[in-house]
Amino acid sequence: MADDQVILLDYWVSVFGMRVRIALAEKEIKYESREEDLLGNKSDLLLKMNPIYKKIPVLIHNGKPVCESLIIVQYIDEIWNDRSPLLPSEPYQRAQARFWADFVDKKVAPRGVLWKKGEEQEAAKNELVETFKILEGELGDKPYFGGETFGFVDISLVTFSCWFHAFEMFGKFSMKAEFPKITEWAKRCMQRESVAKSLQDPKKVDEFVVEYRKKSLGLE
Amino acid sequence: MANSSSTDVKVLGAWPSPFVIRVRIALNIKSVKYEFLEETLGSKSQLLLQSNPVYKKIPVLIHGGKSISESLIIVQYIDEVWNSGPSILHSDPYDRAIERFWAAYVDDKLFPSMKLINTAQGEEKAAIVEQAIEGLVLLEEAFQKSSKGKAFFGGDRIGFLDIAFGSMLGWLRAIEKMGGVKLLDEAKTPGLVQWAECFCADGAVKGIIPDTEKLVEFAKILVKMKGAPLGKN
């Protein structure tokens, strides 16, 4: 494994890129990170490695691209399978982990509360709150979504924690008041070096959201 | 795990659903006997609401009392549990990443664009058809790379992507018929045309994909019920 060449095409504020950073850090894999200028020009390498979606993250392992963050995290877990397992080994637990990570992608990732206005924004906010209610229930009193150990579902959701303040700002609700377990869980995850190193400063995320709404979406 | 009684494995589903078809094909590949519990159109059973409280959708696999939802997740579960049977996913992690990518593409891009063909008209319809065909051409390329000259995406035998995409063939044909369009054709997607024949003739698939006529009739019923065919499944 010492001769592996690992490149990550990334974008500083991307929740999806952050998932891969965490997975690589959990496995202590050395890699080269290349920042894409997504709002400007996408690199030739990105267009070549992900011609279908032209999106980051892309993991390039010994020249071969892997796309889609949850697929990349599973790939990392399967290749570097000698340390820090990210998915459970038992099939039913694995299916549950995949189910909840997919739920995060379907229900949290769209972030309509940030990108829409008026009635659409209100509807998106309500859906997000319902989503977090379900996640709060699913987490329960466990330290992590997978139980005792940090894993796949935690990775899929924790990257949004640096976006929580933005959700609160635009959704006009309090994560801590409404979802205390998730709030505690996010703090617990931040104690892991892999997470602390990979997530973005929430203030910078807020600035990005405001900027993006104005410039790219024409919203105030 | 290989010899569960048939009551140990239940599939909550409905005959027209391509997502349910995926689960049934996977169980057939593994020669697993199961009880097929058909949901009634327009209502959801207590068992469905209990076993998939998050989405309340079919398919749900209930194995030894435990429920698993989301068709592609179910297929992977089946592959991992009944691991003495023929493998469904590739053995190499990179190949698995590729087939997972394309399976997600089928769900996120291809099937949605196919469904839009039904409700679109005129110029919009032509644009959507072109988009769907472009997607199929991408899958043709993926097929050529993945099959390496063999019959299936999985090689000699049906694999994960064969199931993910093949399950859609019934509706693909129905949409072609209802829309008066050709989606798979010899000129643009020759590999897939042949693949579709091999897939539908396979022992694990035979009898599972509904006849085109039946699906066309079903689509008409859906239109009457919800005002749009192939609405939320």
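As the structure is a prediction and not an experimental result, all values here were calculated from the model. (Residues numbered from 1 in each chain as written. Chains lettered and ligands numbered in written order. Predicted model: local features only at pLDDT ≥ 70, side-chain atom pairs only at ≥ 80, totals over all residues. Heavy atoms only, no water.)

Peer 1: Looking at this model, I keep getting lost on the interface of chain B and chain A. Mind explaining?
Peer 2: One frequent convention defines the size of an interface as the accessible area lost when the parts assemble. Taken together, the contact between chain B and chain A spans 23 residues of the former and 24 residues of the latter. Across the chain B/chain A interface, buried area totals approximately 2,300 Å², and carbon plus sulfur atoms make up 69% of it. Counting the surface chain B buries against chain A, the share from its top three residues, Tyr55(B), Tyr94(B) and Phe101(B), is 28%. Connecting chain B to chain A are five salt bridges. Two residues, Glu78(A) and Arg96(B), come together in a salt bridge whose shortest N-O distance is 2.9 Å. Residue assignment for the side of chain B that touches chain A shows that the elements contributing at least two residues are β4 (66-69), α3 (71-81) and α4 (93-119) of chain B. (Contact = heavy atoms within 4.5 Å. Buried area = accessible area lost by both parts, 1.4 Å probe. Salt bridge = Lys/Arg side-chain N within 4 Å of Asp/Glu carboxyl O. Helix = DSSP H or I, 4+ residues; strand = E, 2+ residues; numbered from the N terminus.)

Peer 1: Would you mind going over the UniProt feature "domain: GST C-terminal" (unreviewed entry) in chain B with me for this structure?
Peer 2: Following the UniProt record, the feature "domain: GST C-terminal" (unreviewed entry) maps to residues 92-218 of chain B here. Between the first and last C-alpha atoms of residues 92-218 of chain B the distance is 40 Å; the span itself is 71% helix and 0% strand. (UniProt positions renumbered as here; feature names shortened; annotations may be inferred.)

Peer 1: Mind showing me how you'd approach the sheet that holds strand β2 (residues 32-35) of chain A here?
Peer 2: Hydrogen bonds between backbone groups are what pair the strands of a sheet, and the pairing can be parallel or antiparallel. Residue and element names in this part refer to chain A. Spatial strand order, β2-β1-β3-β4: four strands in an open sheet with mixed pairing. Every other strand in the sheet has two partners, leaving β2 and β4 (64-67) as the edge strands with one partner each. For this sheet, the mean inter-axis angle between neighbouring strands, taken without regard to orientation, is 20 degrees. Here four bridges tie strand β1 (residues 6-10) to β2, and the two strands are oriented parallel to one another. Directly across from Leu 8, in β2, lies its bridge partner Ser 33. (Pairing = 2+ DSSP bridges. Axes fitted to C-alpha atoms, helices over the stretch in contact; angles between N-to-C directions.)

Peer 1: Explain the sheet that holds strand β1 (residues 9-13) of chain B here, please?
Peer 2: Residue and element names in this part refer to chain B. On the basis of which strands lie adjacent, the open sheet formed by four strands has the order β2-β1-β3-β4 and mixed pairing. Two strands lie at the open edges of the sheet, namely β2 (35-38) and β4, each paired on one side alone. Averaged over all neighbouring strand pairs, the angle between strand axes comes to 20 degrees, with direction disregarded. As paired elements, β1 and β2 share four bridges and run parallel to each other.

Peer 1: Just to check I follow, could you spell out the UniProt feature "domain: GST N-terminal" (unreviewed entry) in chain A for this structure?
Peer 2: Residues annotated in UniProt with the feature "domain: GST N-terminal" (unreviewed entry) correspond here to residues 4-84 of chain A. The annotated region residues 4-84 of chain A carries 36% helix and 21% strand content, and the separation between its end C-alpha atoms amounts to 18 Å.

Peer 1: What exactly am I supposed to notice about the packing of helix α1 (residues 15-26) of chain A against helix α3 (residues 69-79) of chain A here?
Peer 2: What describes two packed helices is the angle between their axes and the distance between those same axes. Residue and element names in this part refer to chain A. Where α1 contacts α3, the two axes come as close as 9 Å, and the packing angle between them is 10 degrees. Here α1 lies roughly parallel to α3, going by the angle between them. Within the contact between the two elements, α1 uses Phe 16, Arg 19, Val 20, Ala 23 and Leu 24 and α3 uses Ser 69, Leu 70, Ile 72, Val 73 and Ile 76. Here the contact of α1 with α3 is composed, by residue class, of eight nonpolar, one polar and one charged. (Parallel < 35°, antiparallel > 145°, perpendicular 65-115°, else oblique. Nonpolar A, V, L, I, M, F, W, Y, C, P; charged D, E, K, R; others polar.)

Peer 1: It is not clear to me how the nonpolar core should be interpreted in this structure. Could you clarify?
Peer 2: It is characteristic of soluble globular proteins that their nonpolar side chains tend to be buried jointly. If you look at the biggest cluster of nonpolar residues, it comprises 158 residues, and the most contacted ones within it are Phe132(A), Trp163(A), Phe167(A) and Leu183(B). The leading source of residues in this core is α4(B), at 11 residues. For Phe132(A), the residues in contact, after removing those within four places along its chain, are Val108(A), Leu157(A), Phe164(A), Phe167(A), Met175(A), Phe179(A) and Ile182(A). (Core = buried A, V, L, I, M, F, W, Y, C linked by side-chain atoms within 4.5 Å. Buried < 20%, exposed > 50% of the residue type's maximum accessible area, 1.4 Å probe, protein only.)

Peer 1: Before we go on, may I ask you to explain the UniProt feature "domain: GST C-terminal" (unreviewed entry) in chain A in this structure?
Peer 2: UniProt records the feature "domain: GST C-terminal" (unreviewed entry) at residues 90-212 of chain A, using the numbering of this structure. The distance from the first to the last C-alpha atom of residues 90-212 of chain A is 42 Å, and the span holds 73% helix and 0% strand.

Peer 1: Looking at this structure, how should I read the pattern of salt bridges?
Peer 2: Under the definition given, this model contains 24 salt bridges over all chains. Across the pair Arg21(A) and Asp10(A) runs a salt bridge, and its minimum N-O distance is 2.6 Å. Linking Arg21(A) in helix α1 with Asp10(A) in strand β1, this pair joins segments that are 11 residues apart in sequence. Considered together, Arg21(A) and Asp10(A) belong to a single accessibility category, that of buried residues. In this structure, Arg173(B) engages Glu176(B) in a salt bridge whose closest nitrogen and oxygen atoms are separated by 3.4 Å. Remark: Glu176(B) and Arg173(B) occur in helix α7 (residues 169-179); sequence separation between them is three residues, near one turn of the helix. Each member of the salt-bridge network shares a partner with another, and the members are Glu78(A), Arg96(B) and Arg100(B).

Peer 1: How should I be thinking about the domain arrangement of chain A in this particular structure?
Peer 2: Residues and elements named next belong to chain A. What the domain assignment reports for chain A is domain 1 (6-79) and domain 2 (91-217). Contacts between the two partners involve 16 residues from domain 1, matched on the other side by 27 residues from domain 2. Taken together, both faces of the contact between domain 1 and domain 2 bury some 1,800 Å²; the carbon and sulfur share is 68%. At the surface where domain 1 touches domain 2, the tally comes to two salt bridges. Residues Arg 192 and Glu 26 are paired through a salt bridge, measuring 3.0 Å at the closest nitrogen-oxygen approach. Connecting domain 1 to domain 2 are 10 residue pairs in polar contact (both at pLDDT 80 or more). At the level of secondary structure, the elements contributing two or more residues to the side of domain 1 that touches domain 2 comprise α1 and α3. Of the residues assigned to the side of domain 1 that touches domain 2, the class counts are 11 nonpolar, one polar and four charged. (Domains from an automatic or database assignment. Polar contact = N/O pair within 3.5 Å; in protein donor to acceptor, adjacent residues only side chain to side chain.)

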